[in-house]
Amino acid sequence: MKITTWNINSVRLRIGQVEKFLKEHAPDVLCLQEIKCVNDQFPSKALRKLGYEHIAVHGQPGYHGVAIISRHPFTAEQAHQFCGKDDTRHISVRLKGGLEIHNFYVPAGGDVPDPEVNEKFAHKLAFMQEMAGWFSENIARKSILVGDLNVAPTENDIWSHKQLLKVVSHTPVEVEHMQAVMDSVGWIDVARELIPEPEKLYSWWSYRAKDWRASNKGRRLDHIWVTPALRKAALDGGREAYTIHDEARGWEKASDHAPVTLILDI
C-alpha cells in the first residue's frame, strides 16, 4: 500500500497539482492538511474522476482542515477535537482488515517559543500533550500516523541545528513533547529508521527564499509514523520505499510543503 501525506496549503487553489501528483504517482491513500475549506467545498468530484471514490473530510472556512482520499473503502471514520477548540486538525479512517490511518495538522505555534507570552505556542504544546494521552487510550494495534506535525525533531531534520534551537519547530521543549507523543504507544518514525542521521531530510522550504533549492534551508515537518505491529511492513522495503517528492515544491505556485510517500508491504 502506498500512502502519501501532503500539506497542500489550500486544496481548491492547488487541485490541479493534486491531480497531477495522483496521475504521476498513484498512491492508494492521500492525506492532505491545510485544505482551508468546509466539507461541502472540498473538490471531491475531481478526485473521484481519478478513482479515489472514498473521501473523508474535516474542514472549516479558510483555515486548517484535513482530508483523507482513498482507492479503498473505509469501514469507519472519526474526527477528534483537541484542546477544547473547534478547529479541524485531525481525521482518521479504518480500512478493511483493521488498519487505521490518523491524519494530523499540529498547530504551527507562532513566532515566539514562550507559552507564557505566546498563546499559539502554548496551544501547540498543549495539543501534543493531549495527543500523547489520547493515543495511549484510543489507538488501534495496526495504525499509521501521518501529517504536518510542525516539529523538526533531530539535528539533521533542519538546515542549522545551532541557529534554530530557539526558533519555533525545533526548540527542545517541542522536541520533548513530540517524543512524549511517540513514546505513548511506541510510534516508529519511519523516515529516520530507513534513512538514519546524519543524512539531511527536509519536507518544507519557506516561501521567503528567492531560490529555495539553492539556499536549501529546509525542515522536516511532515511525518509518517507506524505502530510496532507495522514495523516490518513499513521497513522491509528499505529506503526506496520512502520518498520526499521535492520536485513538487518547484511546481508553479506550489505549496511550501512537499508530498511524502511510504510504500508498506501489507
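Details of the structure are given in the entry above.
Here we summarise the structure given alongside this text. Nothing here was measured: the structure is a model prediction, and the numbers come from that model.

The rules behind these values
Residues numbered from 1 in each chain as written. Predicted model: local features only at pLDDT ≥ 70, side-chain atom pairs only at ≥ 80, totals over all residues. Heavy atoms only, no water. Buried < 20%, exposed > 50% of the residue type's maximum accessible area, 1.4 Å probe, protein only. Helix = DSSP H or I, 4+ residues; strand = E, 2+ residues; numbered from the N terminus. Arc of directions from axis to C-beta. Contact = heavy atoms within 4.5 Å. Phe/Tyr/Trp six-rings, centres within 6.5 Å; stacked < 30°, edge-to-face > 60°. Lys NZ or Arg CZ within 6 Å of the ring centre and 35° of its normal.

1. A word on helix α1 (residues 15-25)
Listing the buried residues of α1 in full gives Ile 15, Gln 17, Val 18, Phe 21 and Leu 22. Projected down its long axis, α1 shows its buried positions confined to an angular sector of 160°, all on one face. Where α1 is buried, its residues meet β1 (2-7), β2 (29-33), α2 (44-48), β4 (66-70) and β14 (260-263). Where α1 terminates, the next one or two residues include Ala 26, which has phi positive at roughly 50°.

2. As for the packing of aromatic side chains
To describe a pair of aromatic rings, one takes the distance between the centres and the angle between the planes. With the rule as written, the count across this model stands at 12 aromatic pairs. For the ring pair Phe 82 and Trp 134, a centre distance of 5.6 Å and an interplane angle of 75° mean the geometry is edge-to-face. Of this pair, Phe 82 sits in the loop between β5 (74-78) and β6 (90-95) while Trp 134 sits in helix α3 (residues 119-138), placing them 52 residues apart in sequence. Residues Phe 82 and Trp 134 agree in their burial class; the two are buried. Relative to Phe 127, the ring of Phe 104 has its centre 6.3 Å away and its plane inclined at 90°; by these criteria the two rings are edge-to-face. Taken together, the residues span a long stretch of sequence, with Phe 104 in strand β7 (residues 100-105) and Phe 127 in helix α3 at a distance of 23 residues. Classification of Phe 104 as buried rests on a relative accessible area of 0%. With a relative accessible area of 0%, Phe 127 lands in the buried category. If you follow Lys 217 out to its NZ or CZ, it ends over the ring of Trp 159, 4.6 Å from the centre.

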